[in-house]
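# Architecture and fold: a report
Next come the chains, spelled out residue by residue.
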Amino acid sequence: MRTIIVDTYEDLSLVAARLVGDEIGEKPDLVLGLPTGRTPVGFYAALVQLYRQGRVDFSRVVTFNLDEYYPMDPRDPRSFHAFMQKHLLEHVNVPWDHVHIPDGRAPEPEQACAEYEHQLARAGGIDLLVLGIGHNGHIGFNEPGAPRQGRTGPVRLAHETIQANFGSVGPGVPRFALSMGIGTILESRKILLLASGQDKASIIRRALLGPVTPDVPASFLQLHPSLTVILDRGAAAYWPAS
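Attention in this report is confined to the structure presented alongside it. (Residues numbered from 1 in each chain as written. Predicted model: local features only at pLDDT ≥ 70, side-chain atom pairs only at ≥ 80, totals over all residues. Heavy atoms only, no water.)

Further remarks concern the packing of aromatic side chains. Tallying each qualifying case throughout the model produces eight aromatic pairs. Measuring from ring centre to ring centre gives 5.6 Å for Y69 and F141, while their planes differ by 40°; the resulting arrangement is tilted. Pair noted here: Y69 is in strand β4 (residues 67-70) and F141 is in the loop between β6 (128-131) and β7 (153-156), with a separation of 72 residues, a long-range link. Looking at Y69, the relative accessible area reads 4%, which means it is buried. F141 sits in the buried class, given a relative accessible area of 4%. Ring centres of F80 and F141 lie 6.0 Å apart, and the angle between their planes is 15°; on these two criteria the pair is classed as stacked. Of the two residues, F80 sits in helix α3 (residues 80-89) while F141 sits in the loop between β6 and β7, which places them 61 residues apart along the sequence. Residue F80 is classed as buried on the basis of its relative accessible area, which comes to 8%. Members of the aromatic cluster, connected to one another through ring pairs, are Y69, F80, F141 and F166. (Phe/Tyr/Trp six-rings, centres within 6.5 Å; stacked < 30°, edge-to-face > 60°. Helix = DSSP H or I, 4+ residues; strand = E, 2+ residues; numbered from the N terminus. Buried < 20%, exposed > 50% of the residue type's maximum accessible area, 1.4 Å probe, protein only.)

Attention now goes to the sheet that holds β4. What the three strands build is an open sheet, ordered β4-β8-β7; its pairing is antiparallel. Both edges of this open sheet fall to β4 and β7, since each of them pairs with a single strand only. Pairs of neighbouring strands in the sheet enclose a mean axial angle of 30°, with direction left out of account. Strand direction decides the pairing type here: β4 and strand β8 (residues 176-179), joined by four bridges, are antiparallel. (Pairing = 2+ DSSP bridges. Axes fitted to C-alpha atoms, helices over the stretch in contact; angles between N-to-C directions.)

Alternating positions in strand β2 (residues 31-34) separate into two faces, V31 and G33 on one and L32 and L34 on the other, with burial throughout. With four bridges joining them, β2 and strand β3 (residues 62-65) adopt parallel strand pairing. By the bridge assignment, G33 is partnered in β3 with F64. In the sheet, β2 pairs with β6 via two bridges, with the strands oriented parallel. Its bridge partner being in β6, L32 is matched across the sheet by L128.

The subject of this paragraph is the packing of helix α1 (residues 9-26) against helix α2 (residues 40-52). Following both chains from N to C, one finds α1 and α2 inclined at 55°, their axes separated by 8 Å at the closest point. In terms of their interaxial angle, α1 and α2 are classed as oblique. Crossing handedness for the pair α1 and α2: right-handed. Between α1, through Y9, S13, L14, A16, A17, R18 and V20, and α2, the contact on the second element is made entirely by P40, V41, G42, F43, A46, L47 and L50. Counted by class, the contact of α1 with α2 contains 11 nonpolar, two polar and one charged residues. (Parallel < 35°, antiparallel > 145°, perpendicular 65-115°, else oblique. Left-handed = near helix turned anticlockwise from the far one by under 90°. Contact = heavy atoms within 4.5 Å. Nonpolar A, V, L, I, M, F, W, Y, C, P; charged D, E, K, R; others polar.)

Of note, the bond from Y70 into P71 is cis; its omega dihedral lies within 30 degrees of zero at -10°. For P71, the location among the structural elements is in the loop between β4 and α3.

Moving on, we get to the sheet that holds strand β5 (residues 99-100). Here seven strands make up an open sheet; going across it, the order is β1-β10-β9-β6-β2-β3-β5 and the pairing parallel. Each end of this open sheet is capped by a strand with a single partner; those strands are β1 (2-6) and β5. Of the strand pairs in this sheet, β1 and strand β10 (residues 227-232) are connected by five bridges, and their pairing is parallel. What sits directly across from I4, in β10, is I230.

Attention shifts here to the nonpolar core. Most often, soluble globular proteins keep nonpolar side chains buried together rather than apart. The biggest cluster of nonpolar side chains holds 33 residues, and the ones touching the most others in it are L131, I185, L193 and L221. Counting only elements with at least two residues in this core, the list comes to β3, α4 (109-122), β6, α6 (182-186), β9 (190-195), α7 (201-209) and β10. The greatest single-element share of this core, amounting to four residues, is contributed by α7. L221 has contacts with L131, I139, I185, L186, I191, L193 and L227, leaving out every residue within four places of it along the chain. (Core = buried A, V, L, I, M, F, W, Y, C linked by side-chain atoms within 4.5 Å.)

Given below as structure tokens:
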């Protein structure tokens, strides 16, 4: 595991974007796995800036998102389709037919998830997967108890995840998602984990320095042979001094 500790969230975002840009420079047809949430917003803004500066070309990049709420119309502003368009896809030259996001409208979610796995396989697998981490240790929407060998499939969201993402668990709020499983995630050739803020410091320590356990799904990342972790000072608050 390679750990990079930076001073601020802005530094984290820029370092992550440069690392991804370098990977695309080395492999222009990179298969890139992408997250949503608060942490990657700055990372996407930094990637867009690199693109506008002519330092990154996305024209051959293929993207696969980690997850999507279910049920969820892609036109809904709460959807991860809308998130990705707003923060990245409308601003760079990724061809639309290279973009893959789980189908939150699929009438047969299990079948849609199996097809997503087939699409991943046809693309040759993920070269670089970018991840955030939830306060309960989830990666993607693999909540505590998720199995090590899990594949892309429907998952039930934890109450605290719904509360964190929507502010309530009231009517109209999705209780499920379609998410890459931990087994799918760990098949990525490289993984980049981002965490920002002191509220993530405890779970980062548990996930990356504690025992590997389904109770902390992100702990399975310790098993990956090519993991890079970028933390700002807040998220590194409980990290051992080097």
